[in-house]
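Coordinate inspection notes
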Amino acid sequence: MASKALSPAPIASLLSHTTRTSSLRCLRQPALRPPSSLPQRRQISAYGYEQAKALTFPSYGEPPSVLSLHTHSISPPHGDLLTLRFLASPINPADINQIQGVYLSKPTWTTSLGTKDEIAVAGNEGVAEVIALGEGAKKDGWKRGDWCLMKGPGFGTWRTHASASTDQIVKLEEGVREGITAIQAGTVSINPCTAYRMLKDFVELKEGEWFVQNGANSGVGRAAIQLGKAWGLKSINIIRARENDKEKEDALKQSLYDVGADVVITDAELQSQGIKDMSKEWTNGGREKIRLALNCVNGKAATAMAKLLSSGGAHFVTYGAMSKQPLTIPASMLIFKDIHFDGFWVSKWAERNPEEKKTTVEDVLNMIRKGQFKDVPVDEIKWEWETKGDELIAKVKDTLEGYREGKGVFVFGKT
Ligand SMILES: NC(=O)c1ccc[n+]([C@@H]2O[C@H](COP(=O)([O-])OP(=O)(O)OC[C@H]3O[C@@H](n4cnc5c(N)ncnc54)[C@H](OP(=O)(O)O)[C@@H]3O)[C@@H](O)[C@H]2O)c1
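Residues numbered from 1 in each chain as written. Predicted model: local features only at pLDDT ≥ 70, side-chain atom pairs only at ≥ 80, totals over all residues.

To continue, consider the overall build of the chain. The helix and strand inventory of the chain stands at 17 helices and 16 strands. Going through the 415 residues of the chain one by one, you find that 41% of them count as buried. Look at the contacts in the chain between residues 6 or more apart in sequence, and 77% of them connect residues 24 or more apart. (Helix = DSSP H or I, 4+ residues; strand = E, 2+ residues; numbered from the N terminus. Buried ≥ 20, exposed ≤ 12 C-beta atoms within 10 Å, placed from the backbone. Contact = placed C-beta atoms within 7 Å.)

Okay, here's the thing in structure tokens:
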């Protein structure tokens with residue numbers, strides 16, 4: 001277990017980080033040992049206070065300049081409160097946008113983590129285990145060791161521990177979490193759910209019909225390929241070309257074929273002269289319809305993707321804006337081809353459909369358990385109690401670069 005001295009926190013909770021550290025040293029004096037010889041066992045405070053660390057920001061800005069690692073204490077839970085220990089939390093594009101202040105869903109600004117001015121904890125998705133709970137939470141059926149997901153965005157999941165009330169979290173029942181890893185549980189509620197709903201809720205695709213998508217190697221894209229495959233759909237997948245690295249591009253394409261893609265092309269190939277003929281070839285001369293497009297990129301490549309859609313009631317669903325370019329739609333697509341342009345936001349959908357969200361998550365976890373749904377490539381970022389803030393923030397910075405080989409996920413060790 002990690003070395004983590006817990007505070008007799010009636011005092012600690014009132015102190016800022018710096019003063020708290022020195023005061024705690026006084027309070028821990030009976031041990032009178034240099035920090036390096038502190039026991040490597042996690043100590044439980046007699047007062048039940050939990051020491052926690054969180055990546056927080058005091059104002060919007062670029063993540064490397066506004067994020068810092070903040071240490072604080074969590075009071076013993078009472079009533080319907082629970083103390084959570086995080087197990088895995090991904091770094092999603094929306095988390096970055098939220099820190100930058102350009103995401104619709106805002107973080108929770110608070111002084112409850114012992115700061116004078118408000119700060120917010122970054123991160124929106126993750127899985128945590130219950131390590132302590134109040135009587136009300138027990139009466140609601142919660143117990144120590146339960147795993148939970150966040151009910152909605154804005155909770156702040158890039159943290160070792162948190163205090164939560166029962167209405168902020170959703171339990172993963174024993175049967176649902178059986179055979180599921182923390183990374184799988186911690187990344188199931190946003191990307192796979194988004195792919196799932198977009199494939200189901202806009203057009204009723206019949207077996208053998210096609211959908212086309214860009215950002216196909218993203219978490220959402222990989223989920224869509226696999227769900228589509230399981231439901232008998234065929235997919236045309238667009239990735240960004242790996243300029244001057246054909247080997248990497250081929251390997252990336254192959255990784256999508258490996259999870260069930262039918263066609264994988266680059267954005268350059270999509271915008272080439274021969275694309276109409278190629279599309280006819282894939283779809284049996286156009287007899288097999290392409291009635292759904294999923295777009296998280298925008299710009300010219302998205303307009304080119306829309307041109308692949310069949311006439312008469314196809315849907316083009318936009319759910320992201322990775323290129324930061326606007327989406328331009330020729331009027332003819334609306335007038336003559338009768339293509340419907342829609343948007344999708346999983347947070348809003350989940351708020352309106354809490355029960356369906358639960359069953360969607362359960363469905364995906366079931367598929368994972370049965371081996372029908374493979375994990376996305378992950379860049380595991382180990383977060384131990386001693387891990388330095390700079391290391392964690394450098395990893396967040398890395399995710400701002402494109403052409404990555406895996407999704408960054410904080411995986412909590414001895415915290
Ligand atoms: N609306 C919703 O409810 C919802 C839910 C979940 C996700 N999303 C959105 O879905 C998108 C994918 O999220 P994710 O978590 O699945 O992503 P991810 O796994 O982190 O992967 C990022 C994806 O974005 C691509 N990308 C990065 N920079 C790009 C650029 N400048 N131009 C074009 N593509 C670029 C990457 O391609 P390379 O490998 O070529 O860099 C990769 O395919 C994001 O826009 C996210 O905000 C929306």
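Following the structure, the description resumes.
This part takes up the nonpolar core. Generally speaking, nonpolar side chains in soluble globular proteins are found buried as a group. The biggest cluster of nonpolar side chains holds 98 residues, and the ones touching the most others in it are F211, A293 and M305. With six residues, strand β3 (residues 81-90) is the largest single contributor of residues to this core. Inspection of this core shows a minimum of three residues originating in each of domain 1 (9-187 + 375-412) and domain 2 (191-348). Setting aside anything within four residues of it in sequence, one finds F211 in contact with L199, L205, G228, L233, S235, I290, L292, A293 and L294. (Core = buried A, V, L, I, M, F, W, Y, C linked by C-beta atoms within 7 Å. Domains from an automatic or database assignment.)

Here we come to the sheet that holds strand β10 (residues 234-239). In any sheet, the strands associate via hydrogen bonds between backbone groups, in a parallel or an antiparallel arrangement. Across the sheet, six strands lie side by side as β11-β10-β9-β12-β13-β14; this open sheet has parallel pairing. Looking at which strands have only one partner, the edges of the open sheet turn out to be β11 (263-266) and β14 (340-343). Pairs of neighbouring strands in the sheet enclose a mean axial angle of 20°, with direction left out of account. Inspection of the sheet shows strand β13 (residues 315-318) paired to β14 by four bridges, in the parallel sense. Directly across from T318, in β14, lies its bridge partner G343. (Pairing = 2+ DSSP bridges. Axes fitted to C-alpha atoms, helices over the stretch in contact; angles between N-to-C directions.)

This part covers the sheet that holds strand β1 (residues 50-57). Strand order in the open sheet formed by three strands is β2-β1-β4, with antiparallel pairing between adjacent strands. Strand pairing shows two members of the sheet lacking a second neighbour, β2 (68-74) and β4 (120-121), which therefore form its edges. Judged from the two bridges that link them, β1 and β4 form a sheet pairing that is antiparallel. Paired with F57 across the bridge in β4 is A120.

Further remarks concern the environment of I131. Mapped onto the fold, I131 is located in strand β5 (residues 127-133). Measuring from C-alpha to C-alpha, the distance between I131 and R85 comes to 6.5 Å, with 46 residues separating the pair along the chain. If we ignore the near neighbours within four places in the chain, the residues touching I131 are T83, L84, R85 and R144.

So, about the packing of helix α8 (residues 191-201) against helix α16 (residues 354-369). With their axes 10 Å apart at the nearest point, α8 and α16 run at an angle of 105° to one another. One way to sum up the angle between α8 and α16 is to call them roughly perpendicular. Of the residues in α16, those in contact with P192, C193, Y196 and R197 of α8 are K357, T360, V361 and V364. Split by residue class, the contact of α8 with α16 holds five nonpolar, one polar and two charged. (Parallel < 35°, antiparallel > 145°, perpendicular 65-115°, else oblique. Nonpolar A, V, L, I, M, F, W, Y, C, P; charged D, E, K, R; others polar.)

Right, let's talk about the confidence of the model for the chain for a bit. Counting all residues, the mean pLDDT for the chain is 90, and 89% of those residues have values of 70 or more. Every residue in residues 5-41 scores below 50 in pLDDT, and together they form 47 contacts with partners more than four places removed in sequence or on other chains. (pLDDT = per-residue confidence, 0-100.)

In the vicinity of the ligand there are 25 residues, among which S218, G219, G320, V346 and G402 approach most closely. Mapped onto the shell around the ligand, the elements with two or more residues apiece are α4 (93-100), α8 and α9 (219-230). When grouped by side-chain class, the residues that make up the shell around the ligand number 12 nonpolar, 10 polar and three charged. For the shell around the ligand, the two domains that each supply at least three residues are domain 1 (9-187 + 375-412) and domain 2 (191-348). (Near = placed C-beta within 6 Å.)

Our next topic: α4. Those residues of α4 that sit buried are A94, D95, Q98 and I99. Angular distribution of buried residues about the axis of α4 spans 140°; they occupy a single face of the element. Where α4 is buried, its residues touch β1 and α3 (63-66). Downstream of α4 by one or two residues, G101 has phi in the positive range, about 85°. (Arc of directions from axis to C-beta.)

Remark: α8 packs on α9, axes separated minimally by 8 Å, with the N-to-C direction vectors making an angle of 50°. In terms of axis orientation, α8 runs oblique to α9. In the crossing of α8 with α9, the sense of the turn from one axis to the other is right-handed. Residue-level inspection shows N191, P192, T194, A195, Y196 and L199 of α8 in contact with α9, the latter providing G219, V220, A223, A224, L227 and G228. (Left-handed = near helix turned anticlockwise from the far one by under 90°.)

Structurally, P330 can be placed in the loop between β13 and α14 (331-335). Judged by C-beta crowding, with 13 C-beta atoms within 10 Å, P330 ranks as partly exposed. Separated by 27 residues in sequence, P330 and T303 place their C-alpha atoms 8.2 Å apart.

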